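In case you want the letters, here they are:
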Amino acid sequence: MRVKQLSVFIENKEGRIAEVTSIIAEVNVNIRAISLADTSDFGVLRMIVSNADQARDALKKEGFTVGETDVVAVKVEDKPGGLNKILHLIESSGLNVEYMYSMARIIDNSAVMIFRFDKTDQAIDVLTKSGLPVINKNRVTDD
Amino acid sequence: MIFDIEYETMPREALESIQLQRLKATLERVFSTVPFYREKFKACGISPYDIQTLDDLQKFPFTTKQDLRDNYPYGMFAVPMDNVVRIHASSGTTGNPTVVGYTARDINTWATLMARALSAGGATRGDIIHNAYGYGLFTGGLGVHYGAEKLGASVIPVSGGNTKRQIIIMKDFKPTIITATPSYTLHLAEVAKEMGIDFRELSFKSGIFGAEPWSENMRNELEETLHLHAIDIYGLSEVMGPGVAIECVEAKKGLHIFEDHFIPEIINPETGEVLPYGETGELVFTTITKEAFPIIRYRTRDITSLNREPCICGRSHVRMNRVSGRTDDMLIIRGVNVFPSQIESVLMKTDVIKPHYQLVVDRKDQLDILTVNVEVSESLFSDEIKDLQNLEKKLSSDIKEYLGVSATVKLVEPKSIERSQGKAVRVIDNRKK
């Protein structure tokens, strides 16, 4: 149920994101979701890619610092209140969202959000028990 | 004005004969009272009784900062603690700080030499001295203070910090001499300007600036902004403190070393060979009147040269040129000694792997700003911004805690720090530009 996310440290300098995407493109890996969190000096680029190991190795070879984190992909109904339902459930279960971002592709006519929870296993448990569909990693990546 | 005309203008031959006599006495004393020197002299097969001329000093071994650390805290003292009336210590470096002691006579000698120094810089007993060197373990504050009193001037022991109050004191108390680091003085001038006070309308005639290296360009800036004579002073706690050497206001060209108390040598830092007058190398000092903490051939790691030419001020003592650099990579930031290796050991408390880092020093609004760039390794990295920001804060507070200097820590990408022949360039000092 967990999905492997890559995170890359980048300085706030011109062309750094393009540098990362071209390395990934070169090894023929597809970026499925991407988000950037930044400060005035640096940023963390978070990505779900079709082949995490291959992308990670390529980035490391080029000298980037790459982290791996387990995140959860959840189907979100494409209608008012769809995301609200999930967030309320998480909050009422005493769990926290560290960050989240959306995926570029639609799965089963639903939007997909990537969540990083403070307690990943508990979150998966709560979501599944409430019938909220957590997406299996093989539908998000090719791993 | 020359404070001590007999000694300061003493003809060379007379001076050298006093030096030889005092040197012999010092060597004999450390040989019998300090085990460190006794063992070292014996290992070199040399005895203080062999000394015939001043050149014989060259046969004796050097003393290094590491020797002082190894003998922390009191191992190098040559008198019983009963006779020690004062203790100072240098800012602690990677290991132990260097601890120095003074007998009552040492304190008196120091005060006399500082009085000479202030006098050479233009001070008289009629002056009011605004002493903004820090009071405490650092020798700057108290060193100047005792000298000012010895001279008979009026001293305002204002110490460092509390800038606005300092400016009000300058305006109201009308001091005529300022003693401070040059960078802090320029900062004072900036803040004064913001408060609507022009330094040129204050009563200063001389500033005695030291505790950090400064340049001829800075002299022009100081003299222009502050409307005073900017005088360079040199000293280090291992040798005594401030007042080892001073520029005279008449020439402002090189610092007279008080040779009746200290013997300077310039050596090739690689080979240890003594270089002739005029050549540039590492400055080495032997004290010849100190009681509690005599030191033999101490390697200062400061790079300079000696000038034997007679000076228009009438002093016969040799002049050292401005310190142009260091043989190690020590930085002086707001008066605090900082070695890159200290930053490294602070970083290594957090990161298990040896980090790549770089110190960048800038001068902004006349204050030294230290930035430490740290390459983000995998063990430091987190996917969460707040973790990374907390890491920056933690490292910067660790540096403040262990080194006593404020630094901004900036995380940078791996391999972004410039390498020179594979070795990271540890220090970029933009102040010298």
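Residues numbered from 1 in each chain as written. Chains lettered and ligands numbered in written order. Predicted model: local features only at pLDDT ≥ 70, side-chain atom pairs only at ≥ 80, totals over all residues. Heavy atoms only, no water.

**Side note on the sheet that holds strand E3 (residues 42–49) of chain A**
All names here are of chain A.
Argument step 1. Strand order in the open sheet formed by 6 strands is E2-E3-E1-E4-E6-E5, and the pairing between neighbours is antiparallel. Whereas interior strands pair on both sides, the edge strands pair on one side only; in this sheet they are strand E2 (31–38) and strand E5 (97–102). The sheet shows a mean angle of 35 degrees between the axes of neighbouring strands, taken without regard to direction.
Argument step 2. One ladder, built from 5 bridges, connects E5 with strand E6 (residues 111–117); its direction is antiparallel. Across the sheet, residue Met100 finds its bridge partner in E6, namely Phe115.
Argument step 3. Sheet contacts for helix H1 (residues 16–26): strand E1 (2–11), E2 and E3; angle to E1, the most-contacted strand, approximately 135 degrees. (Pairing = 2+ DSSP bridges. Helix = DSSP H or I, 4+ residues; strand = E, 2+ residues; numbered from the N terminus. Axes fitted to C-alpha atoms, helices over the stretch in contact; angles between N-to-C directions. Contact = heavy atoms within 4.5 Å.)

**Considering the domain arrangement of chain B**
All names here are of chain B.
Argument step 1. Parsing chain B into structural domains produces domain 1 (69–328) and domain 2 (332–432).
Argument step 2. Between the C-alpha centres of domain 1 and domain 2 there is a distance of 30 Å.
Argument step 3. With 15 residues of domain 1 at the interface, the matching set in domain 2 holds 12 residues.
Argument step 4. Taken together, both faces of the contact between domain 1 and domain 2 bury some 1,200 Å²; the carbon and sulfur share is 56%.
Argument step 5. Counting every contact that joins domain 1 to domain 2 gives 0 salt bridges.
Argument step 6. Taken together, the connections running from domain 1 to domain 2 amount to 1 residue pair in polar contact (both at pLDDT 80 or more).
Argument step 7. Secondary-structure elements contributing two or more residues to the side of domain 1 that touches domain 2 are helix H8 (182–194) and helix H9 (216–226). (Domains from an automatic or database assignment. Buried area = accessible area lost by both parts, 1.4 Å probe. Salt bridge = Lys/Arg side-chain N within 4 Å of Asp/Glu carboxyl O. Polar contact = N/O pair within 3.5 Å; in protein donor to acceptor, adjacent residues only side chain to side chain.)

**Let's talk about the interface of chain A and chain B**
Argument step 1. Listed as interface residues are 25 residues of chain A and, on the opposing side, 18 residues of chain B.
Argument step 2. Surface buried jointly by chain A and chain B totals about 1,700 Å² across both partners, of which 56% is contributed by carbon and sulfur atoms.
Argument step 3. On the chain A side of the contact with chain B, Phe9, Phe42 and Thr65 of chain A bury the most area, a combined 34% of that side's loss.
Argument step 4. Counting across the interface, chain A meets chain B through 5 salt bridges.
Argument step 5. Where chain A touches chain B, the interface holds 10 residue pairs in polar contact (both at pLDDT 80 or more).

**Considering the nonpolar core**
Residues and elements named next belong to chain B.
Argument step 1. Counting residues in hydrophobic clusters, the biggest one holds 67 residues, and the most contacted among them are Tyr37, Phe41, Tyr234, Phe262 and Phe285.
Argument step 2. The dominant element in this core, judged by the number of residues it contributes, is helix H5 (residues 104–120), at 8 residues.
Argument step 3. Leave out the neighbours within four places in its chain, and Phe41 touches Leu27, Val30, Phe31, Ile46, Pro48, Phe60, Pro61 and Ile296.
Argument step 4. Among the nonpolar cores identified, the runner-up in size contains 30 residues, and Val374, Val376, Ile385 and Leu395 belong to it. (Core = buried A, V, L, I, M, F, W, Y, C linked by side-chain atoms within 4.5 Å. Buried < 20%, exposed > 50% of the residue type's maximum accessible area, 1.4 Å probe, protein only.)

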